[in-house]
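Breakdown of the fold
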Amino acid sequence: MTTLNYPVLALRGLTVFPELTLSFDVEREISIFALDCAMESGRDIFLVTQREIGVSAPQEEDLYSVGTVCRILQIIKTSETTVRVIVEGRQRARIHRIWQTKPFLQANIKLLEEDFPGRHTTKVEALLRQTYALMGEYQSLTNLSDDVVAAVLDDHDPGHLADYLAQNMTLRHQDRQRVLEQLHPIKRLQLVNEILTHEVDVISLEMEMERKVRDRVARVQKDMILREQVKVLQHELGEDGDEEIAEYAQRIEDAKLAEEAEKKLYKELDRLSKQPFGSAEASVIRNYLDVCLDMPWNKQTRDRADVEKAKAILDRDHFGLDKVKERILEFIAVRQINPDAKGKILCLVGPPGVGKTSIAISVAKAMNRKLARLSLGGVRDEADIRGHRKTYIGAMPGRIIDALIRSKSMNPLLVLDEIDKLANDMRGDPASALLEVLDSEQNYAFRDHFLELPVDLSRVMFITTANTLDTIPRPLLDRMEVIELTSYTDEEKVEIAKQHLIPKQLKEHGLKKSQLRISDSAIRAVIAGYTRESGVRLLERQIGKLCRKAAMSLVTSDVKRVDITDKNLNNYLGVVRYLENVHTNRDEIGVVNGLAWTEAGGEILQVEVNVMDGTGKLELTGNLGTVMQESAKAALSCLRSRAEELGIEKDFYKTKDIHVHFPEGAIPKDGPSAGIAMTTALLSALTGRAVHGSVAMTGEVTLRGRVLPIGGLKEKTMAALRNGIRTVIIPKENEKDLSEIDQTVRKALHFITVQTVDEVFTAALVPLKESAAAVEHMTALASDTRSSATALHI
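Report on the accompanying structure. (Residues numbered from 1 in each chain as written. Predicted model: local features only at pLDDT ≥ 70, side-chain atom pairs only at ≥ 80, totals over all residues. Heavy atoms only, no water.)

1. Some thoughts on the overall build of the protein
Where we set the bar: The helix count covers DSSP runs of H or I at least four residues long, the strand count covers runs of E at least two residues long, and both are numbered beginning at the N terminus. What the globule rule says is 2.2 Å times the number of residues to the power 0.38, and the radius of gyration is computed from C-alpha atoms. Between buried and exposed lies partly exposed: a residue is buried under 20% and exposed over 50% of the maximum accessible area for its type, with that area taken using a 1.4 Å probe on protein chains only. Throughout, a residue-residue contact means that at least one pair of heavy atoms, one from each residue, lies within 4.5 Å. Using a 1.4 Å probe, the Shrake-Rupley method yields the accessible areas, and only the shown protein chains count as cover for residues.
A tally of helices and strands in the protein yields 29 helices and 26 strands. Rg of the C-alpha trace for the protein: 53 Å, well past the compact-globule value of 28 Å for 794 residues, more than 25% over. A principal-axis box enclosing the C-alpha atoms of the protein has dimensions of 165 × 65 × 60 Å. Residues counted as buried form 46% of the 794 residues belonging to the protein. Of the contacts formed within the protein by residues at least 6 apart in sequence, a portion of 72% connects residues at least 24 apart. Accessible surface computed for the protein: about 41,000 Å², of which carbon and sulfur atoms make up 50%.

2. What about the environment of V202?
Considering the arrangement of structural elements, one finds V202 in helix 6 (residues 185–217). With 65 residues separating them along the chain, V202 and E137 place their C-alpha atoms 12 Å apart.

3. Looking at the layout of surface pockets
Let me state the cut-off plainly: The pocket and cavity definitions rest on a 1 Å grid over protein atoms only: a 1.4 Å probe that fits but cannot leave marks a cavity, an open set with protein on both sides within 12 Å along at least five of seven lines marks a pocket, and residues lining either have an atom within 4 Å of a point. Grid points are joined across faces, edges and corners, and a volume is the space filled by probe spheres set on the points.
Of the pockets and cavities examined, the largest pocket occupies roughly 1,300 Å³. Around the largest pocket sit 37 residues that line it, and E484, L485, T486, S487 and E715 are the ones nearest its centre. Looking at the lining of the largest pocket, the elements with two or more residues in it are helix 12 (322–337), helix 18 (490–508) and helix 26 (713–722). With 4 residues, helix 26 is the largest single contributor of residues to the lining of the largest pocket.

4. Thoughts on empty space enclosed by the protein
To be explicit about the condition: We call Asp, Glu, Lys and Arg charged. Ala, Val, Leu, Ile, Met, Phe, Trp, Tyr, Cys and Pro are nonpolar, and the rest, Gly among them, are polar.
Within the structure shown, the criterion is met by 2 cavities of 30 Å³ or more. What the second largest cavity holds in volume is close to 30 Å³. As for the second largest cavity, its lining consists of V8, L9, A10, I30, S31, F104 and L105. Breaking the lining of the second largest cavity down by element, the ones donating at least two residues are strand 1 (3–11) and helix 1 (29–40). Taken together, the residues that form the lining of the second largest cavity break down as 6 nonpolar, 1 polar and no charged.

5. Thoughts on the side chain of E436
Structurally, E436 is set in helix 16 (residues 430–437). Not counting residues within four places of it along the chain, the set of residues in contact with E436 comprises R386, Q442, N443, A445, F446 and R447.

6. Structural notes on helix 9 (residues 259–273)
Put simply, the rule reads: The span you would expect from a helix comes to 1.5 Å times its residue count less one. By construction, the arc corresponds to the directions joining the helix axis to the C-beta atoms.
Its 15 residues place the ends of helix 9 21 Å apart at the C-alpha level, agreeing with the 21 Å of an ideal helix rising 1.5 Å per residue. Residues of helix 9 that are buried include every one of A261, L265, E268, L269 and L272, and no others. The buried residues of helix 9 occupy an angular sector of 105° when the element is viewed end-on, so they sit on one face. Every exposed residue of helix 9 that faces more than 90 degrees away from the buried side is listed here: E259, K263 and K267. Where helix 9 is buried, its residues contact helix 8 (243–255) and helix 10 (280–294).

7. Observations concerning the environment of R532
Note that R532 resides in the loop between helix 19 (520–530) and helix 20 (537–556). A relative accessible area of 30% means that R532 is categorised as partly exposed. C-alpha separation for the pair R532 and R577, spaced 45 residues apart in sequence, amounts to 9.2 Å.

8. Regarding the packing of aromatic side chains
In plain terms, the rule: Ring pairs shown here join Phe, Tyr and Trp side chains whose ring centres sit within 6.5 Å, with only the six-membered ring taken for Trp; geometry is labelled stacked below 30 degrees between planes, edge-to-face above 60, and tilted in between.
Considering all chains together, one arrives at 2 aromatic pairs under this definition. Ring geometry for Y288 versus F450: centroids 5.9 Å apart, planes at 50°, classification tilted. Remark: F450 occurs in the loop between strand 10 (446–447) and strand 11 (454–455) and Y288 occurs in helix 10; sequence separation between them is 162 residues. Owing to a relative accessible area of 0%, Y288 belongs among the buried residues under this scheme. Measuring from ring centre to ring centre gives 6.2 Å for F652 and Y653, while their planes differ by 90°; the resulting arrangement is edge-to-face. Looking at F652, the relative accessible area reads 2%, which means it is buried. The exposure class assigned to Y653 is partly exposed, which follows from its relative accessible area of 32%.

9. Let's talk about the pairing of strand 8 (residues 371–375)
Formally: Strand pairing requires that DSSP identify at least two bridges connecting the strands.
Where burial is concerned, the two faces of strand 8 differ: the one with A372 and L374 is buried and the one with L371, R373 and S375 is not. Note that strand 8 and strand 9 (residues 413–417) share 5 bridges and pair parallel. From the neighbouring strand, S375 faces strand 9, where its bridge partner is D417.

10. Thoughts on the sheet that holds strand 8
To keep things clear, this is the line we draw: All axes here are fitted lines through C-alpha atoms, helices being fitted over the stretch that makes contact, and every angle between N-to-C directions spans 0 to 180 degrees.
Strand order across the open sheet formed by 5 strands is 8-9-12-7-13, with parallel pairing between neighbours. Of all the strands in the sheet, just strand 8 and strand 13 (481–484) have a single pairing partner and so form its edges. On average, adjacent strands in this sheet sit at an angle of 20° to one another, irrespective of strand direction. When strand 7 (residues 345–349) meets strand 12 (residues 461–466), the two strands line up parallel, connected through 5 bridges. Looking across to strand 12, one finds that I345 is bridged to F462. Across the sheet, helix 12 lies against strand 7, strand 12 and strand 13, angled at about 145° from strand 13, the strand it touches most.

11. Some points on unusual backbone geometry
Cis geometry is found at the peptide bond from K102 to P103, where omega equals 0°. Residue placement: P103 occurs in the loop between strand 5 (83–100) and strand 6 (105–111). Notably, R43 is not glycine yet its phi reads approximately 75°, a positive angle. On the accessibility criterion, R43 (35% relative accessible area) is partly exposed. A positive phi angle, close to 60°, is found at E664, a residue other than glycine. As for its placement among the helices and strands, E664 is situated in the loop between strand 20 (656–661) and helix 25 (675–687).

12. Points about the nonpolar core
Using the following cut-off: The nonpolar core is taken to be a set of buried Ala, Val, Leu, Ile, Met, Phe, Trp, Tyr and Cys residues, with the residues joined through side-chain atoms within 4.5 Å.
With 53 residues, the main nonpolar core has I419, L434 and L438 as its most contacted residues. Ranked by size, the runner-up nonpolar core spans 51 residues in total, among them M367, I483, I496 and A497.

13. Some details on the packing of helix 12 against helix 13 (residues 356–367)
In a packed pair of helices, the relevant descriptors are the angle between the two axes and the axis-to-axis distance. How we decide: Reported orientations rely on four angle classes, namely roughly parallel under 35 degrees, roughly antiparallel over 145, roughly perpendicular from 65 to 115, and oblique for the rest. Left-handed describes a crossing whose near helix is turned anticlockwise from the far helix by less than a right angle; the clockwise case is right-handed.
Their axes nearest at 11 Å, the elements helix 12 and helix 13 cross at an angle of 25°. One way to sum up the angle between helix 12 and helix 13 is to call them roughly parallel. Crossing of helix 12 against helix 13: the hand is right-handed. Listed contacts from helix 13 to V324, I328, F331 and I332 of helix 12 are I359, V363, A366 and M367. Looking at the contact of helix 12 with helix 13 residue by residue, the class counts come to 8 nonpolar, no polar and no charged.

14. Considerations on a nonpolar patch on the surface
Our working definition: Note that patches include only residues with greater than 30% relative accessible area and no salt bridge, and the join distances are 9 Å for like charges and 5 Å for nonpolar side chains (Val, Leu, Ile, Met, Phe, Trp, Tyr). Put simply, a salt bridge is a Lys or Arg side-chain nitrogen that is within 4 Å of an Asp or Glu carboxyl oxygen.
Together, V575, V576 and L579 line one region of the surface with nonpolar side chains, adding up to about 320 Å² of accessible area. By the element assignment, V576 lies in the loop between helix 21 (570–573) and strand 16 (588–589). Using a relative accessible area of 34% as the deciding quantity, one classes V576 as partly exposed.

15. Looking at helix 3 (residues 146–153)
Listed as buried for helix 3 are V148, V149 and V152. End-on, the buried residues of helix 3 take up no more than an arc of 100°, which puts them together on one face. Among the exposed residues of helix 3, those oriented more than 90 degrees off its buried face are D146 and D147. Tucked inside the fold, the buried residues of helix 3 contact helix 2 (122–141) and helix 4 (158–168).

16. Here's the deal with the pattern of salt bridges
Inspection of the entire model under this criterion finds 36 salt bridges. For E452, the salt bridge goes to K264, with nearest N and O atoms at 3.4 Å. Taken as a pair, E452 in the loop between strand 10 and strand 11 and K264 in helix 9 lie far apart in primary sequence, 188 residues in all. A relative accessible area of 28% places E452 in the partly exposed class. We note a salt bridge from D520 to K498, for which the minimum N-O separation is 3.4 Å. Of this pair, D520 sits in helix 19 while K498 sits in helix 18; the two residues are 22 residues apart in sequence, bridging distant segments of the chain. What makes D520 partly exposed here is its relative accessible area of 31%.

Below you can see the structure in the form of structure tokens.
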């Protein structure tokens, strides 16, 4: 076999077959030099395919051994560095030796002759028909042109048909090279049929997968096409899986829930796994599972069982409040003996600012429990307590469950603030929803509408706060242990200011103890003249104001320390805002010092009575409530029924007009506790007997002259002491309450307990002789006053 010398052009991803035309672009320098050499030496060139497309400077080992000798038909320059070449294959050839690699490849090649195909037998005919059939299937699956199909059907040469199909089908260059290297025409066509069958199968599978994807995409949103393709591929490969479902399942298993709860969550998880992606129901189920799994199902804190340590914490944080501290320490003592004791429900009732919420927070520290606070003021929807059904848009659990999640414990201390300010409307009554929550016999299986699972609240300690019990429904109040917090005395406020408020305000304002000194007298002056409250909130604000003034003085002047006393207090806080109640210290006729209780503490409430000639009318003024007006009428009826015995004219109710007045008419007043004060004032005015100016009194009066008990004794007695009163008349049934009064107040006052108004008259009215002298003295004072006024007028 003769060896010929040809320039060589290495093809990347292409194969040229004999008797077929091919066009391709050339841009490598060695390839362009090979074309130039071929054009100079007869236009023949040897084209061979590279084994690896990425090799830019191929050597002999990078090329297949079999290629095609071609004739260059045309060369077109398409750019500065690229030319397009059209060639026609002539004959197969094999590389004998590449003897030149630069500036282009040249090789000695040997031409290859095809094997004799033999006679055109029925076997060859069957092979051709198989080829035609496969080509028809291939065309139906691809975009093969009709010209190519027609050329195939018109070709009866097995060898040429195999070459034609290999060049016009979309094949890998490795498969084309296998066809090129097969010299026997029949075997070459069989090889092409095998490749064609494989291609038809692959394309059919691709189209089947694409059809499945289109069918699924038609049922869901268009923007999920890529996700659905992945799912179909996973299904075909048998690799279905969902990390989200597995994660939820692991969290449910780790939670170690009760059987009912675990069964419920697994049921919801199964529903989630069946939901199509992006459905609204899937979002509802995810939200439900997240809330349920965020619950601290089996997590509890260990209570502090040391009573002494708990007592130290409570005393450190709060001054006074002995009843609350005692009850909490009792509970801790019981838990020390019986760790399985149920949680308690306490209700702290008292005026604003006395420390109800802050003592509850200190209780949590003392018991080493997590704390969560719920403000119930203005809540009017039952769903705030029990939650919403999870099917609603924006549904969420109630405040109780939310508090457990926030506290991350199943035995926290929950503070239900302002429980007396719950409201109700057409959406339900939240107070009724609290009946189950605050019942230790029922709340072991509390069911929130959102969770729909039993939640044990029996280990939770509830502390509720309120300003009054009047607005709390009776069934709800019956479930709570009520502890009343009364107003602070002035001495207690002084101690609270020294131990807590002043250090707190110094720290907030960045001051040191050495830079600001507030004397005890200044604190008492602030309490008396700049605050009027039961608690200490306003006192704290006034102390904060002193700290700001002190900071200004330290910054703007050379002062190293600011000393505040009662003498210079006006320079810092301005004019005194509250003056002591104006009351009489003299023995006067028809004027009595009563005692009243307000949210700001106790006050002196004077009763003034004038008797004038008239037709028996009773005038009541001073912004009096219904109960107080009825109390005045009862006092008058009591005196009228005993007029002769008490030395009153029998027909006074016909000939005299009586006017009862309470000063400070802009302030509403109500209640029955001024009954004995009005009775005494009426008797004094009708008989002309004076009343001791150093005596104050409180008590309800009946038509029969009995004296009934009253409330707010602690605050009222403090007001008496603050206003210079030395004797206080109280009902006999209130004698037991004297033990709760501050010892300083009790020692400074003389208490007279009475059961009837006769005892009140004996203690309060001046004897007749002294009363006459008092009348003469008052007349002289009045005369002097009129003279002075006349002179001044002139």
